[in-house]
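Examination of the molecular architecture
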Amino acid sequence: MAISPAQKTAIEEIIGILVAATPSRGKRQLAGLFLDLVDRTDWPEYYEVIPEPRCINGIRANVEKNRYKDPLNAYTDLSLVFWNALFYNEPGSQIATDAETLKNILVTEWQKRSVLPSPRLSPPPASPQKVHGVLASAPPPSSSKLKLTSDPVPSTSASSPEMDVDVSGMSPDPDIENDNDNDGSEDARTASIAGDGDGDGDGEAVIRQLEKSLPRWEGFGDSGWMSEVNKDRLLELVVAIKSHKDVIGNRLAVALEAVPEEPTSPILSYQSSLSLKMIEGRVRSRNYESAKDFDLDMVRLFEKARRWHEPCTEPYARVLLLQRLYQALSSSSPPSGPPYTSSSNFASIRAGPGTARPLHSADAEGVPGVTTFRVSNRDRTFVDEVNYKGWSIRLADWLHLSNPDDPSRPIIGHVFRCWISDEPAKKGQPGVTVCWYYRPEQTFHPAHTLFMEKEVFKTSHFADHPVEDVIEKIACQFTARHIRGRPRPPYWYPGFPLYVCHSRYNDRERVFVKIKNWSSCIPEEVRKKDEFMPIYAFERLVYPPKVPSPFVSKGAVKGPGGVGEPIERAEGEKIEGGGTGRKRGRRNNNATAAVAEGTTSTAATPTVTKPGATSSAIPPHYQQQQPQKLPATTAANTSPDTKDRSMLTAAGNLSIPPIVDKLPSETTKYFDRSPDTNEVLWFAAPPMNVARPPAAPKHSMAYLHYLARKRKEREMSDGDGDGDAAGMDEDEGVGVGVDADMDSGAEGGGHSRTAMGKRQRCAVRPTVSEMMATALDAVASQLG
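Since this is a predicted model, take the numbers as computed values, not measurements. (Residues numbered from 1 in each chain as written. Predicted model: local features only at pLDDT ≥ 70, side-chain atom pairs only at ≥ 80, totals over all residues. Heavy atoms only, no water.)

Brief notes about the overall build of the protein
Where we set the bar: Strands are runs of DSSP state E lasting at least two residues, helices are runs of H or I lasting at least four, and both sets are numbered from the N terminus onward. Using a 1.4 Å probe on the protein chains alone, a residue whose accessible area is under 20% of its type maximum counts as buried, one over 50% counts as exposed, and one in between counts as partly exposed. Contacts are residue-level and defined by heavy atoms, with any inter-residue pair within 4.5 Å sufficient. Residue exposure ignores everything except the shown protein chains as possible cover, and the areas themselves are Shrake-Rupley values with a 1.4 Å probe.
From N to C terminus, the protein includes 24 helices and 20 strands. Counting all 784 residues of the protein, 46% fall into the buried class. Look at the contacts in the protein between residues 6 or more apart in sequence, and 72% of them connect residues 24 or more apart. Within the structure as shown, the protein displays about 39200 Å² of accessible surface, and the carbon and sulfur contribution to it stands at 52%.

Written out as structure tokens, the structure is:
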């Protein structure tokens, strides 16, 4: 619901009271430190700790510009100003005391105004208390760095729920920010996705709790509707949808008629009764004043049916096929009929994901010429957005598009261009160029592969679609953000389909490659925006569950993909998207570790196998290369790039390949390289044949007995030095002969009491300065 004028006035009054508040004694402005944003340069750690900063001036500006759609969103932002300050600053500090006072004033003044809904008294989900799981009275993480004893800083931001929000203050996202991040911390967390899950169902509860508080979709817009037609044409459209049958005679409208007339879900764009029978009755009685009103009811009916039927089922497929038929019939160039037939389920393209092949593709399988490897700019004029059936489609939006091969699995597309056709036959018709994302059943993968729920994979396929192919708007998140929260409007609303992506899929070689830099997967114009697809944060990380391959799970599906292994290409063979095939060796089931690519170059970065990574929810990399043939003495000390010494190999005949990550140059520079292959001499484990260091010298028992006897005789001696000396010399000679480890004695082989009875002191050589001083003295004495 939108903020009414009375609610807007009340919120502005509350903000005025907060700004004018002063302590009980004195005229100091309590809100002075909360008016503006914290300086990012002076306090960078603030934005690392506070997930969503807020400030009073920013919120006041958003209220004046009517950017809030719900008064509770304005209250949440105001309360965040003070919850952030209570978290960041020391309890009992002046700024924490002021924040507590102003928070109480906010609650009191808000509750006084009956036009405003009841406020939330606990910290909101986006507060640092909930994100970090720390009570307001407890110090924040790394408090030794963050405590403020003087010049306290307020917690602020100018963002609003209906605007793009900077999420840089959230937990660091190495997969998004850094393409060369290899510290393994994010990988370790991502690898546990779905394997461990939440088990007790708490994760689902966290998701439901957040989605209940998110703003609802306001419904279809005012643009892109069907042009005015004769009212008899409206009846023809209804009859065509109601009577359409498939090739074996099944009437598809049964799926629409199975949907109840009454509202079926609170997340729909409307809450009135609606059905195909009701629409037919209104058409026959000529109750529709315009074609737009009829078009809106039909689109709402398809929205209701899409949410009623389970995705990827036969009824769901029938709903989507009828929707595409309706959109074709209501376009400016409807198909001929009745009866209406189509070999592509009325989609504009001839083949879908898994079957389509790009233009000039060398592959013999599939339908060539459907997609391309890049965005085309021929015979079209690029525009910022296109409108269709109440949808406003912009750059970087995600869409469901009609799939000619399987209507139950609409194409998942990411918009890279919006355009108006300049072709003579299609002059003025709007369309979009999208990058296709594949579902698991549209890929080839080993049967044991596990996927995240709703996981999809980016491909190199780009396709042009007219707006008639658009089914609905959806959203897709990268894993690092998907486990942290849900997209903010207008990128996503509760009830919209939501997918998660972690890897690219190369359908030419049938391999998955982890996406390390998400910004490289979005249009260049959007990469410059730091706030692309901001999120509402969960109270804690929530990992999606893990599901088996759709080809081996219960109710196995049939798709263009299948169970299979990566395809090995000859070195130098041209592959899709440019480039050449990598040199690959024959797969060895007893040694599943992958090896480095391009290790013949000095600047190349080798890869390292992560042992024990077989339980990852992410399809592992399968690329392998021909191992280097080194001498046995060299191969034993080289990295896993040339000789597999991983735990997987030691465990036996395992068929699950390990995940491979490249070592960053910051690490490899500390290791030597093989002079023959230029490979890093990296050890996967400590060597088994470590050379033992020589033991410290030990005296024999005979020698120790000799020393003890000599010491005892010395104590009993009556002082006869010569006799003792002679006796000791003789005994020492015997001792030397008995102890083979003993030194030979004094210079010249003599055995004197001084040489053998006591340890000789090493003569300390003079320093260079002393030697120079001695030489100068000698020269001076000679000259003198």
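Points about the pairing of strand 6 (residues 398–401)
Spelled out, the test is: Should DSSP find at least two bridges between two strands, the strands are taken to pair.
Burial of the side chains of strand 6 extends over both faces: Trp398 and His400 are buried on one face and Leu399 and Leu401 on the other. In the sheet, strand 6 pairs with strand 7 (residues 411–421) via four bridges, with the strands oriented antiparallel. Bridging from a neighbouring strand, Trp398 pairs with His414 of strand 7. Here strand 6 pairs with strand 12 (residues 470–478) via four bridges, running antiparallel. Following the sheet pairing, Trp398 is matched in strand 12 by Ile474.

Focus on the packing of helix 1 (residues 5–20) against helix 4 (residues 71–88)
Put simply, the test is: Every axis corresponds to a line fitted to the C-alpha atoms, with the helix fit spanning only the stretch in contact, and the corresponding angles, defined between N-to-C directions, vary from 0 to 180 degrees. Roughly parallel means an angle under 35 degrees; roughly antiparallel means over 145; roughly perpendicular covers 65 to 115; every other angle is labelled oblique. Handedness of a crossing follows from how the near helix is turned relative to the far one, being left-handed for an anticlockwise turn of less than a right angle and right-handed for a clockwise one.
Here helix 1 crosses helix 4 at 10°, and the two axes come no closer than 10 Å. What the angle tells us is that helix 1 and helix 4 run roughly parallel. The two elements helix 1 and helix 4 meet at a crossing, and its hand is right-handed. Packed against helix 1, whose contacting residues are Gln7, Ile11, Ile15 and Leu18, the element helix 4 presents Pro71, Ala74, Leu78 and Phe82 at the interface.

Let's talk about the state of the cysteines
This is how the line gets drawn: Any two cysteine sulfur atoms within 2.5 Å of one another count as a disulfide.
Evaluated as defined, the whole model comprises zero disulfides. Distance from the sulfur of Cys501, which forms no disulfide, to the nearest cysteine sulfur (Cys476) is 5.2 Å. Using a relative accessible area of 0% as the deciding quantity, one classes Cys501 as buried.

Structural notes on the packing of aromatic side chains
Stated precisely, the cut-off is as follows: By convention, a stacked pair of Phe, Tyr or Trp rings (six-membered ring in the case of Trp) has centres within 6.5 Å and planes under 30 degrees apart, an edge-to-face pair has planes over 60 apart, and any other such pair is tilted. Comment: the charge-over-ring label is applied if NZ (Lys) or CZ (Arg) is within 6 Å of the ring centre and within 35 degrees of the ring normal.
Summed over all chains, the structure comprises 22 aromatic pairs. Pairing Phe220 with Trp225 gives two aromatic rings, centres 6.1 Å apart and planes at 75°, and the pair type is edge-to-face. Among the aromatic residues, those joined into a cluster by ring pairs are Trp217, Phe220, Trp225, Trp391, Tyr493 and Phe496. One cation-aromatic arrangement involves Arg40 over Tyr47; the distance from NZ or CZ to the ring centre is 3.9 Å. For Lys103, the ring lying beneath its charged end belongs to Trp83, and the centroid distance is 4.6 Å.

Thoughts on the confidence of the model for the protein
The cut-off we apply is this: Predictor confidence is given residue by residue as pLDDT, running from a minimum of 0 to a maximum of 100.
Per-residue pLDDT for the protein has a mean of 76; in total, 70% of the residues score no lower than 70. Mean pLDDT values over the elements of the protein span from 34, in helix 18 (residues 632–635), up to 97, in strand 6. Across residues 135–200, confidence stays below pLDDT 50; counting only partners more than four residues off in sequence or on other chains, it has 174 contacts.

Considerations on the pattern of salt bridges
One side chain can pair with another of opposite charge once the charged atoms of both are near each other. Here is the rule: Just to be clear on terms, a salt bridge is a Lys or Arg side-chain nitrogen sitting within 4 Å of an Asp or Glu carboxyl oxygen.
This structure, assessed with the given rule, holds 31 salt bridges. In this structure, Arg54 and Asp77 form a salt bridge, with 2.7 Å as the shortest nitrogen-oxygen distance. With Arg54 in the loop between helix 2 (44–49) and helix 3 (56–64) and Asp77 in helix 4, this pair connects stretches of sequence that are 23 residues apart. Across the pair Glu211 and Arg486 runs a salt bridge whose closest N-O atoms are separated by 3.9 Å. One end of the pair, Glu211, is in helix 10 (residues 202–213); the other, Arg486, is in strand 13 (residues 485–487), with 275 residues separating them in the sequence. Classification of Glu211 by relative accessible area gives partly exposed; the value is 22%. Using a relative accessible area of 5% as the deciding quantity, one classes Arg486 as buried. A network of salt bridges, in which partner residues are shared, links Glu13, Glu109, Lys112 and Arg113.

A look at the nonpolar core
What counts here: Here, nonpolar core means buried Ala, Val, Leu, Ile, Met, Phe, Trp, Tyr and Cys residues that are tied together by side-chain atoms lying within 4.5 Å of each other.
Formed by 41 residues in total, the largest nonpolar core has its most connected members in Phe220, Ile393, Leu399, Val415, Val432 and Trp436. Counting residues per element, this core draws most heavily on strand 8 (residues 430–438), at four residues. Excluding its chain neighbours within four sequence positions, the residues that come into contact with Ile393 are Asp384, Glu385, Val386, Leu399, Val415, Cys418, Val432 and Val470. The next biggest cluster of nonpolar side chains, apart from the first, holds 34 residues, and it includes Leu252, Leu301, Phe302 and Ile471.

Describing the environment of Val542
With respect to the helices and strands, the residue Val542 is situated in the loop between strand 16 (535–537) and strand 17 (546–548). The buried category is assigned to Val542, whose relative accessible area is 5%. Counting along the chain gives 59 residues from Val542 to Ile483, while the straight-line C-alpha distance between them is 4.9 Å.

Concerning the packing of helix 13 (residues 276–284) against helix 14 (residues 291–308)
What counts is decided by this rule: Classification convention: Asp, Glu, Lys, Arg as charged; Ala, Val, Leu, Ile, Met, Phe, Trp, Tyr, Cys, Pro as nonpolar; all other residues, Gly among them, as polar.
Two elements in contact, helix 13 and helix 14, have axes separated by 10 Å at closest approach and are oriented at 170°. Classified by the interaxial angle, the pair formed by helix 13 and helix 14 is roughly antiparallel. On the side of helix 13, the interface is formed by Leu276, Ile279, Arg282 and Val283, while helix 14 contributes Phe294, Asp297, Met298 and Leu301. In the contact of helix 13 with helix 14, the residues fall into six nonpolar, no polar and two charged.

Considering unusual backbone geometry
Cis geometry is found at the peptide bond from Gly337 to Pro338, where omega equals 0°. With respect to the helices and strands, the residue Pro338 is situated in the loop between helix 15 (314–329) and strand 1 (356–358). Positive phi outside glycine occurs at Asn66, with the angle close to 60°. Along the chain, Asn66 turns up in the loop between helix 3 and helix 4. On the basis of relative accessibility, which here comes to 48%, the residue Asn66 falls in the partly exposed class. Positioned with a positive phi, Arg510 is a non-glycine residue whose angle comes to about 60°. Inspection of the secondary structure puts Arg510 in the loop between strand 14 (498–506) and strand 15 (511–514).

Quick look at helix 1
Short version of the rule: By this rule, a helix spans an expected 1.5 Å times one less than how many residues it contains.
Between its first and last C-alpha, helix 1 extends 23 Å over 16 residues, near the 22 Å set by a 1.5 Å rise per residue. Residues Gln7, Ala10, Ile11, Ile14, Ile15, Leu18 and Val19 constitute the buried set of helix 1. Turning to helix 1, the residues buried within the fold contact helix 3, helix 4 and helix 5 (94–112).

Notes on the pairing of strand 12
Within strand 12, nine of the nine residues are buried, which leaves it mostly tucked inside the rest of the structure. Alignment of strand 12 against strand 14, held across four bridges, turns out to be parallel. Bridge assignment links Gln477 to a residue of strand 14, and that residue is Val500.

Regarding the environment of Gln29
Examined against the element boundaries, Gln29 turns out to sit in the loop between helix 1 and helix 2. Given a relative accessible area of 35%, Gln29 falls into the partly exposed group. Separated by 10 residues in sequence, Gln29 and Val19 place their C-alpha atoms 7.3 Å apart. Ignoring sequence-local partners within four residues, the contact set of Gln29 consists of Val19, Ala21 and Leu35.

Concerning the environment of Val470
Within the secondary structure, Val470 is located in strand 12. Residue Val470 is classed as buried on the basis of its relative accessible area, which comes to 1%. Residues Val470 and His400, spaced 70 residues apart in sequence, show a C-alpha to C-alpha distance of 6.2 Å. With residues near it in sequence (within four places) discarded, Val470 still touches Gln323, Gln327, Ile393, Leu399, His400 and Leu401.

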